[in-house]
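Chain by chain, the residues:
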Amino acid sequence: MATRSDPTAGISAIDGYPYWTDLACGHWPEEVAIILRTLEFLKLDAFVEIGVHVGGLADIILQWAEDHQPFVYLGIENNPSVISREIDGRMEAVGQAAILIRNAWDEKTVTETMTMLSNPMRLSSFIYCDGGNKPRELKLWAPYAVKGDVVGVHDYGDYSAAEIRPSLLMDLRMKRLGFKSYWPSRKRNDNLRIALWKK
């Protein structure tokens, strides 16, 4: 199981789920469980992962998607050399899955991706910002969300990461765009590095 001292390890167990990965995954098992529970509880149809990197989270999401068809997985990664080919078989099993080699900070990438999710009708989506500049990704991708979508960011509140601005600024930006905080709830005070907003 990944520990806070070794975020590059795979994940051998996620509370309440039979999924695991040997691939490096920068998420704690509890963070992955929050993502999976959100997908299930809100009955979302698609997951857009900005910043696939090696593919540890993608591997787990694709396992989950196999059990929850129909489901669409779209990953955005600008460096194809870092992606493990081990997830190719999982993408084939899901069918509606792809990793797009694109610049996530390009407006054209955003519009093309959201168009894919709208054919033939707009899917309820989970847009997850976990690339190289989360505030920039959030600012670019969140305005494309529609009612029912969830937008999330990883490394939220991790002030050791230079790219993360104070969480209050992110919350204010999302509120102005019509989002409500979904996770963490104001009553929770854990140390998980994930934030979700629902439109």
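Residues numbered from 1 in each chain as written. Predicted model: local features only at pLDDT ≥ 70, side-chain atom pairs only at ≥ 80, totals over all residues. Heavy atoms only, no water.

Caption draft 1: Representation of the overall build of the chain in the model. Looking only at helices and strands, the chain has six helices and seven strands in total. Evaluated residue by residue, the chain yields a buried proportion of 51% over its 199 residues. Long-range pairs, those at least 24 residues apart, make up 66% of the contacts in the chain with a sequence separation of at least 6. Per element, the accessible surface of the chain, about 9,600 Å² overall, is 53% carbon and sulfur. (Helix = DSSP H or I, 4+ residues; strand = E, 2+ residues; numbered from the N terminus. Buried < 20%, exposed > 50% of the residue type's maximum accessible area, 1.4 Å probe, protein only. Contact = heavy atoms within 4.5 Å. Areas by Shrake-Rupley, 256 points an atom, 1.4 Å probe, with all protein chains shown as cover.)

Caption draft 2: Looking closely at the layout of surface pockets. Taken as a whole, the largest pocket encloses approximately 410 Å³ of empty space. Lining the largest pocket are 26 residues, and of these G51, V52, H53, E77 and D130 sit closest to its centre. Those elements giving two or more residues to the lining of the largest pocket turn out to be β1 (46-50), α2 (56-66) and β2 (72-77). Per-class residue counts for the lining of the largest pocket are 10 nonpolar, 11 polar and five charged. (1 Å grid on protein atoms, 1.4 Å probe; cavity = no way out; pocket = protein on both sides within 12 Å on 5 of 7 lines; lining within 4 Å. Points joined across faces, edges and corners; volume = space filled by probe spheres on them. Nonpolar A, V, L, I, M, F, W, Y, C, P; charged D, E, K, R; others polar.)

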